[in-house]
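Observations on the three-dimensional arrangement
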Amino acid sequence: MEVVEANAIINHDFSEGLLSWHPNSCNGFVSDGSDYAHEIKAESGNQFAVLSNRTQCWQGLEQNITSRLLPHVTYNVLAVVRVGGSAQQTADVLATLRLENPNSGPTFLSVGRVTASRERWERLEGTFSLKSLPCRAIFYLEGPLPGLDLLIDRVHIWSAIIVKNPAFGLNILENSNLFDGLRGWYPLGSCSLNVATGSPHTLPPAAQESLGWQQSLSGNYIFVTNRKQTWEGPAQTFTEKLKLFVTYQVTAWVRVGSGGTGAQNVNVAISVDGRWVNGGEIEADVHLWREVAGSFRLESKPSNVMVYVQGPSPGVDLMVAGLQIFPVDQKARFEHLKKQTEKLRMRDVILNISGGSALDRFCGFCVKVKQTYTSFPLGSCINRSGLDNDDYVAFFVKNFNWAVFENELKWYWTEPQKGNYNYRDSDDLLEFCKCHGIQTRGHCIFWEDSNAVQQWVKELNQNDLRAAVEKHINDLLSRYRGKFQHYDVNNEMLHGSFYQDRLGKDIWSYMFKMAHQLDPSAILFVNDYHVEDGKDAKSSPEKYINQIVDLQERGAPVGGIGVQGHITYPVGSVVHTALDALSILGLPIWFTEMDVYSTNEFVRADDLEIMLREAFAHPAVEGIMFWGFWEFMSREQGHLVDWDGAINEAGKRFISLKKEWTTNVKGHTDREGQFKFRGFHGTYEVEVSGHSRKTRQTFTVDKGDSPIVVEICL
């Protein structure tokens, strides 16, 4: 089995100079030995770090490793060190972690020590583990007496083995098809389990999408009766079969028996040392078998892991068929997505070049094509305080072409107390976007979550509340008429009902109608979360579709579907299946608040790539918005850029994908004077040169099936 060990240290051998390293109150440089007075050679590579002009024992070399650590994981430390200087004595070299938290002073954790000399390289070794992650964890090497140089050849900090090639697609649960009775399964609680027949023989759609082949099921299912608690159901322990840092897909058919009132929530739960992890959730009823699709991943070694199916009310029978858990080969799907992307987001271009000399036409013109603008909307949420940070602004302007305001347009921000208005922040953000040619989404006019409603609004009676709703939407959209391309009219209607409970069911469609009347140019969106990941029975694609259809039947001009995209452990096939379901409505789908969570920035980068590739390759998706990109100005552990402006692995992956989705080509015309290429949709600049003349021209590659022809005269 192929394995790798992840090093938490960036630039561990100083092959990139002191990149990511910081000398602590002393001088630092990288030497190959030739420019160092004591004729010392590196042990492993071609260079080593030198820390000189040290006046205190604690002065040395440090690196911030916060984002690459996990709690409850044992890390091994290896540093190869020696000392330099005129004296011949030995000296202790120490490896230390400085742990910083905002409400207390720093604490120091010793992780290794070795006695070093001028004569040879020594191995400093140690271990450490953190119960919880601090705000900042700084690793540094220190110790020799003042006046001695500290020399470092390389540094490694590594943890668990990450399996690269698990048995992708192979179910790790025992006896899922129930060919051998209930072997491997046991009842959780006092319920009773029996095997019955009559369930589907085909895999659920999301599982078919992942596995790529038609595996048949037995038609057997676990029939659960005598349930006295919601958490009672079939269970299986499978601790030893799990691998760290591998994403597992969960799939099953479920159904409930009679005895309950209405539809029942059914949840596939993963118990990890007693901690509940959501493996997928759906509403089930007595009439149809329903698919549960979800995912999970472990990033620290557990002692006990159990899967169980729970959820229906006590007394309601539960049926579970074909429950499988299998590792997903996420990257194997990328080749398919790349082909889909090339088909969907690119177009053939023919440059017809005329003029020039006979020699030019014989030898061919030199052609350089550069894409200067990408037409696909790729944006992020921003906030007013971010505009005061030059690095924040620079990253945003360079990498995004759309914006949405984090809070500054929400009612609780624009009118926190009745009659006390604040449009200053949203005005500033709009002006900033206008200056930089950034298009904007309006988020949001209303928000159904009662926790997001101002106290003064909550205290209004029905008539006054209706009047306040009408005044707010009139004030907001009259002020910004034509300035926002989209509006999220009423945020998260699948999860909240503050206005509907007080003003009746028609209030939602009324909000859409009034918004359209006030600003007919804006596209009006619904917007909700957990639609794409199978983790929430309230917001399944089916429920979202039913809500949108109901709004349309009431006359609401719904113009777009907002899928927020706050996701953990994404599985491409699950996301794709949800998008396919939503696309039946024929409305544009936007990911409106995308972010992925992981304390490990390398894992976060992989998860982000999954989401971006799935979205960009799907024909119904017409835009992607991130919910922030800067540390502390985005979801925790979901950022692309660290607080100090350093682009982390997730940010680098994002930039790499942007580069992949940008077309820059060069070459020579053929004998017919043509230059052909296939390019992503957007704006281009072409430079054509011959032996004595040169010309530049801009053109646009828009959507279309037939080649676009551009005439250029030299």
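Along each chain, residue indices are assigned from 1 in the same order as the chain's sequence is written. Whole-chain, interface and lining totals are the exception, using all residues; otherwise, since this is a predicted model, local features are given only for residues with pLDDT of at least 70 and side-chain atom pairs are given and counted only at 80 or more. By convention in this description, side-chain values take in all heavy atoms of the structure and omit both hydrogens and water.

**A short note on the overall build of the protein**
This is how the line gets drawn: Per the convention used, a helix needs a DSSP run of H or I reaching at least four residues, while a strand needs a run of E reaching at least two, with both numbered from the N terminus. For the exposure calls, accessible area comes from a 1.4 Å probe over protein chains only, and a residue counts as buried if that area is under 20% of its type's maximum, exposed if over 50%, partly exposed in between. Surface accessibility follows the Shrake-Rupley procedure with a 1.4 Å probe radius. Residue values consider only the protein chains on display as shielding. Only four residue types enter the tally: Lys and Arg on the positive side, Asp and Glu on the negative side, with His and both chain ends excluded. Think of each charge as sitting on NZ of Lys, CZ of Arg, CG of Asp or CD of Glu.
Scanning the protein from N- to C-terminus turns up 14 helices and 37 strands. Dimensions along the principal axes, computed over C-alpha positions, put the protein at roughly 85 × 80 × 60 Å. Burial statistics for the protein: of 714 residues in total, 56% are counted as buried. Here the protein has roughly 30400 Å² of accessible surface; of this, 49% comes from carbon and sulfur atoms. Within the protein, the 84 negative side-chain charges are centred at a point lying 3 Å from the centre of the 68 positive side-chain charges.

**Considerations on the sheet that holds strand β8 (residues 104-116)**
Defined as follows: By the convention used here, strands pair only if DSSP detects at least 2 bridges between them.
Taken in spatial order, the five strands make up an open sheet running β2-β5-β10-β7-β8, and their pairing is antiparallel. If you trace the sheet from one side to the other, it starts and ends with β2 (22-23) and β8, each paired once. Relative to strand β10 (residues 136-142), strand β7 (residues 91-101) runs antiparallel, the two being bridged by seven bridges. In the sheet register, T96 faces β10, and the bridge partner there is Y140.

**Overview of the environment of G623**
Note the following rule: Contact criterion: two residues are considered in contact whenever any of their non-hydrogen atoms come within 4.5 Å of each other.
Tracing the sequence through the fold places G623 in strand β32 (residues 621-626). By relative accessible area, G623 is classed as buried at 0%. C-alpha of G623 to C-alpha of V30: the two residues are 593 residues apart in sequence and 45 Å apart in space. Beyond its immediate stretch of four places on either side in the chain, G623 contacts F376, P377, I589, W590 and F591.

**Brief notes about the environment of L133**
On the secondary structure map, L133 appears in the loop between β9 (122-128) and β10. Excluding residues within four positions of it along the chain, L133 makes contact with L69, L70, P71 and T599.

**A short note on the environment of G442**
One can find G442 in strand β26 (residues 439-447). For the pair G442 and W58, spaced 384 residues apart in the sequence, the C-alpha separation amounts to 52 Å. Sequence-distant contacts of G442, defined by excluding residues within four places in its chain, comprise L409, F484, H486, Y487 and D488.

**Some details on the nonpolar core**
Across soluble globular proteins, you tend to see nonpolar side chains buried next to one another. To be explicit about the condition: Put simply, a nonpolar core is a bunch of buried Ala, Val, Leu, Ile, Met, Phe, Trp, Tyr and Cys residues held in one set by side-chain atoms that sit within 4.5 Å of each other.
In terms of nonpolar packing, the biggest core is built from 105 residues, with L351, I382, Y499, F591, I624, F629 and F699 touching the most fellow members. A total of seven residues in this core trace back to one element, the largest contributor, which is helix α10 (residues 507-518). The residues contacting F629, other than those within four sequence positions of it, are S380, C381, I382, Y392, F395, F396, F400, S634, H639, L640 and V641. Counting residues in hydrophobic clusters, the runner-up holds 74 residues, among them A8, C26, V93 and V250.

**Some words on helix α13 (residues 601-616)**
What sets the pattern is the α-helix's 3.6 residues per turn: residues three or four places apart point alike. Inclusion rule: By this rule the span expected of a helix is its residue count minus one, scaled by 1.5 Å. Throughout this description, a polar contact denotes any pair of N or O atoms lying within 3.5 Å of each other; where both atoms belong to protein, one of them has to be capable of donating a hydrogen while the other can accept it, and for residues adjacent in sequence the pair is counted only when both atoms sit in side chains.
With 16 residues, α13 extends 22 Å between its outermost C-alpha atoms, agreeing within 8% with the 22 Å of an ideal straight helix rising 1.5 Å per residue. The buried count for α13 comes to 14 of 16 residues, which makes it a mostly enclosed element. One side-chain oxygen at the N-terminal end of α13 lies 2.8 Å from the backbone nitrogen of F602; it belongs to N600.

**Concerning the pairing of strand β25 (residues 402-405)**
Here is the rule: Orient the strands so they point away from the viewer, and a crossover whose first-strand-to-second-strand path over the helix runs clockwise is right-handed.
Side chains of β25 alternate between two faces, with W402 and V404 and A403 and F405 buried alike. Pairing of strand β24 (residues 378-382) with β25, which is carried by four bridges, proceeds in the parallel orientation. Bridge pairing in β25 links G379 to W402. Chirality of the crossover, the property in question, places the unit of β24, helix α4 (residues 390-399) and β25 among those that are right-handed. Pairing between β25 and β26: three bridges, direction parallel. Pairing of V404 across the sheet is with R441, part of β26.

**As for the confidence of the model for the protein**
Selection criterion: A residue's pLDDT is the predictor's confidence in that residue, given on a scale from 0 to 100.
Mean pLDDT over the protein stands at 92; residues scoring 70 or higher make up 96%. Counting interchain partners and residues more than four positions distant, the pLDDT-below-50 stretch residues 1-5 has 12 contacts. Counted against residues more than four places away or in other chains, residues 160-164, with its pLDDT under 50, gives 19 contacts.

**Observations regarding unusual backbone geometry**
With an omega dihedral of -10°, the bond running from H443 to C444 counts as a cis peptide bond. In this fold, C444 is placed in strand β26. Its identity as a non-glycine residue notwithstanding, H530 has a phi of 60°, on the positive side. With respect to the secondary-structure elements, H530 resides in the loop between β28 (523-528) and α11 (541-553). What makes H530 partly exposed here is its relative accessible area of 25%. In this model, Y569 sits at a positive phi of 55°, which is unusual for a non-glycine residue. Tracing the backbone shows Y569 in the loop between β30 (566-567) and α12 (572-582).

**Notes on the packing of aromatic side chains**
So the rule is basically this: Each Phe, Tyr or Trp ring (for Trp, its six-membered ring) is paired with any other whose centre lies within 6.5 Å, and the angle between the two planes then decides the class: stacked below 30 degrees, edge-to-face above 60, tilted in between.
Summed over the entire model, instances satisfying the criterion amount to 35 aromatic pairs. Taking the centre distance of 5.5 Å and the plane angle of 20° together, the rings of Y248 and F296 count as stacked. Here the residue Y248 occupies a position in strand β16 (residues 247-256), and F296 occupies one in strand β19 (residues 290-297), the gap between them amounting to 48 residues. Its relative accessible area of 2% is what places Y248 among the buried residues. Taken together, a centroid distance of 4.9 Å and an interplanar angle of 90° make the contact between F498 and Y499 edge-to-face. Note on Y499: relative accessible area 2%, which makes it buried. One aromatic cluster is present, built from ring pairs that chain together Y392, F395, F396, F400, F432, F626, F629, W630 and F654.

**Looking at the pattern of salt bridges**
Rule in force here: For salt bridges, the criterion is a side-chain nitrogen of Lys or Arg within 4 Å of an Asp or Glu carboxyl oxygen.
Per the stated rule, a full pass over the model turns up 35 salt bridges. Here R120 and E122 are joined by a salt bridge, their closest N and O atoms 3.6 Å apart. The residue R384 makes a salt bridge to D428 at a minimum N-O spacing of 3.1 Å. Remark: D428 occurs in helix α6 (residues 424-435) and R384 occurs in the loop between β24 and α4; sequence separation between them is 44 residues. Judged by its relative accessible area of 23%, R384 is partly exposed. Sharing partners across several salt bridges, the network here consists of D606, E609, R613, R653 and E660.

**Observations concerning the sheet that holds β16**
Short version of the rule: Fitting a line to C-alpha atoms yields each axis, with helices limited to the stretch in contact; the angle taken between N-to-C directions then spans 0 to 180 degrees.
The five strands are arranged β13-β14-β21-β16-β19 in an open sheet whose pairing can be described as antiparallel. This sheet does not close on itself; its edge strands, each paired only once, are β13 (192-197) and β19. Across this sheet, the average inter-strand angle for adjacent strands is 30°, counted without regard to direction. One ladder, built from six bridges, connects β13 with strand β14 (residues 220-225); its direction is antiparallel.

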